[in-house]
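Structural features, examined
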Amino acid sequence: MAAKPISADTPQAQQAKKEILLIFDFDNTIIDKNTDSEIIKAQNLYGKCLSGKRYLKNDLGWAETMSLALADLHQNNISQKDIDKIIEDIPLTPGFETVFEFIRQNQEKCECIMLSHSNSYFIDLLVKKYSIGDCFDSIHTYEAEWMKDAPLLVKPYHPFLVNCQICPPDFCKGVFVETYREQTEWSRDMKWKNIFYVGDGAADFCAALSLQCHEHVLTRTGYSMHMRLLKDKGDKFKANMIEWNNGHDVEKILKSRIDDAI
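Residues numbered from 1 in each chain as written. Predicted model: local features only at pLDDT ≥ 70, side-chain atom pairs only at ≥ 80, totals over all residues. Heavy atoms only, no water.

In the nomenclature of an unreviewed UniProt entry, the chain corresponds to Phosphatase from the organism Clytia hemisphaerica. The heading Cofactor (unreviewed entry) in the UniProt record of the chain holds the text "Mg(2+)". Check the Sequence similarities (unreviewed entry) section of the UniProt entry for the chain; it says "Belongs to the HAD-like hydrolase superfamily. PHOSPHO family." (UniProt positions renumbered as here; feature names shortened; annotations may be inferred.)

1. Digging into the UniProt feature "binding site: Mg(2+)" (unreviewed entry) in the chain
Under the present numbering, the feature "binding site: Mg(2+)" (unreviewed entry) in UniProt falls on Asp 25, Asp 27 and Asp 200. In summary, the annotated positions, though distributed over 176 residues, converge in three dimensions, the widest C-alpha pair being only 8.3 Å. Looking at the secondary structure, you find Asp 25 in the loop between strand S1 (20–24) and helix H2 (35–46). Residues in contact with Asp 25, not counting those within four places in the same chain, are Ile 30, Leu 115, Ser 116, Lys 173, Val 198, Gly 199, Asp 200 and Asp 204. A polar atom in the side chain of Asp 25 sits 2.9 Å from the side chain of Lys 173. Structurally, Asp 200 is set in the loop between strand S6 (194–199) and helix H8 (202–208). If we skip the residues at most four places from it in the chain, Asp 200 touches Asp 25, Asp 27, Asn 28, Thr 29, Arg 220, Tyr 223, Ser 224, Met 225 and His 226. Side chain to side chain, Asp 200 and Thr 29 meet in a polar contact 3.0 Å long. (Helix = DSSP H or I, 4+ residues; strand = E, 2+ residues; numbered from the N terminus. Contact = heavy atoms within 4.5 Å. Polar contact = N/O pair within 3.5 Å; in protein donor to acceptor, adjacent residues only side chain to side chain.)

2. Notes on the packing of helix H4 (residues 80–88) against helix H6 (residues 120–129)
A pair of packed helices is characterised by two quantities: the angle between their axes and the separation of those axes. For the pair H4 and H6, the least separation of the axes is 10 Å and the interaxial angle reads 60 degrees. The orientation of H4 relative to H6 falls into the category oblique. Handedness of the crossing formed by H4 with H6: right-handed. Within the contact between the two elements, H4 uses Gln 80, Ile 83, Asp 84, Ile 87 and Glu 88 and H6 uses Tyr 121, Phe 122, Leu 125, Leu 126 and Lys 129. Split into classes, the residues belonging to the contact of H4 with H6 amount to 6 nonpolar, 1 polar and 3 charged. (Axes fitted to C-alpha atoms, helices over the stretch in contact; angles between N-to-C directions. Parallel < 35°, antiparallel > 145°, perpendicular 65-115°, else oblique. Left-handed = near helix turned anticlockwise from the far one by under 90°. Nonpolar A, V, L, I, M, F, W, Y, C, P; charged D, E, K, R; others polar.)

What follows is the structure, encoded as structure tokens:
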């Protein structure tokens, strides 16, 4: 599975020195809302489109689900400027400024990537708004493109459908984490000394199942991954679970554990 970075990768020689991998979800983690949910809610906001609930029954993948929602908005004269405003109004999760500062201070030893079921257009808008592009070595998400006189088109991440009971079939975070680990460890000829995964949702739980017993899953308190872990971790979950409420918590957890992880 080929990586799909938005921002440029750090040079390979510099990457080889990094021993810690930080993986961040985007929706309800870095930002305090879900980009796709805000688009679906917009249909009620503008009062012009059908309920977004019908999209959630689409079994072909999340990219097609969002493309359908965006097409409905387009047909009802909701412009690119309108879409931009919906997304750019989303705030950062409180305290995440301290997380970005921590990442900048530790870029020599930490590779930081974003793994998201949003899309490249929405993420680029907010990455630019909050000036955080320098914090990520790469960003992995659905690619999205505005077509001429047409709505934003969201494209599947996986070129094949994945048989996953948790993630959308066109982008499984568990498959991504397993593949990314294998590819980077092979190319670097060295294993990651530790991995920290920061997220909130069900797909993040799928990714967390790929982590090992000495690695860490930072789960946002009260969100779906946290509730699932509390209810039933199962035998497949081996990582160390750490709860967080805001960016200040995340920064403190990383700061206290990164040096010990090397």
